[in-house]
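Close look at the chain arrangement
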Amino acid sequence: MKTEDRCKNVELILSDVDGVLTDGGLIFDNQGIEIKRFHVRDGLAIKLWRRGGFKFGVLTARTSHIVKLRSTELGVDIVRQGFEEKLSIAQEVAGEVGLKLEQVCYIGDDLPDLPVMRAVGLAIAVADACAEVRSIAHHVTKLPGGQGAVREAIEYITKAKGQWDDLIRKYTGK
């Protein structure tokens, strides 16, 4: 099946956090509080995706308060943190929202993402993902994690679905 055809079935995007929504660097202040840097364009794209009537969620092996804060800010209601074994969580989430894994896109960057990426309908790797992840992905972004890769992925999917122009009409006036 062509990647563009896989995009047409996607109703839910699940994304890793560290290395996908962030650049993968872990920064701690002197009090041991974790700091993450998120790209604003990824955030707007997530909001556009959700406004289009689709669902977005994050699955991450780590647990961080800032992930919950950013997810709340973006209106992301599917947030699963602290799970190294992501496939069972992805299956659970898909079932909760009434979808099959074929209707799910997963965006990943590292080895723990491989089982989910093999199981979903559309697997996307960020440009700087490890070689094993890039090799099984249906699509690899041009941008690295934390630098707008999620925005690029959402544009790619919605353009294949023929919906990108409608989603951005409010900004373009076209």
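What counts, and at which threshold
Residues numbered from 1 in each chain as written. Predicted model: local features only at pLDDT ≥ 70, side-chain atom pairs only at ≥ 80, totals over all residues. Heavy atoms only, no water. Salt bridge = Lys/Arg side-chain N within 4 Å of Asp/Glu carboxyl O. Helix = DSSP H or I, 4+ residues; strand = E, 2+ residues; numbered from the N terminus. Buried < 20%, exposed > 50% of the residue type's maximum accessible area, 1.4 Å probe, protein only. Polar contact = N/O pair within 3.5 Å; in protein donor to acceptor, adjacent residues only side chain to side chain. Contact = heavy atoms within 4.5 Å.

Throughout the structure, instances matching the rule amount to 13 salt bridges. A salt bridge links Asp-5 to Lys-8, with the shortest nitrogen-to-oxygen separation between them at 3.7 Å. Residue Asp-5 and its partner Lys-8 are located together in helix α1 (residues 3-8), separated by three residues, close to a single helical turn. Overall, the relative accessible area of 31% leaves Asp-5 in the partly exposed class. A salt bridge links Arg-70 to Glu-73; the nearest nitrogen and oxygen atoms lie 2.5 Å apart. Placement of both Arg-70 and Glu-73 in helix α3 (residues 65-74) is noted, with a separation of three residues, approximately one turn of the helix. When its relative accessible area of 17% is taken as the criterion, Arg-70 is described as buried.

With respect to the secondary-structure elements, Glu-34 resides in strand β3 (residues 34-35). A polar side-chain atom of Glu-34 sits 2.4 Å from a polar atom in the side chain of Arg-62. For Glu-34, the side chain forms a polar contact with the side chain of Ser-64, separated by 3.4 Å. Contact partners of Glu-34, with chain neighbours within four places excluded, come to Leu-26, Ile-27, Phe-28, Arg-62, Thr-63 and Ser-64.

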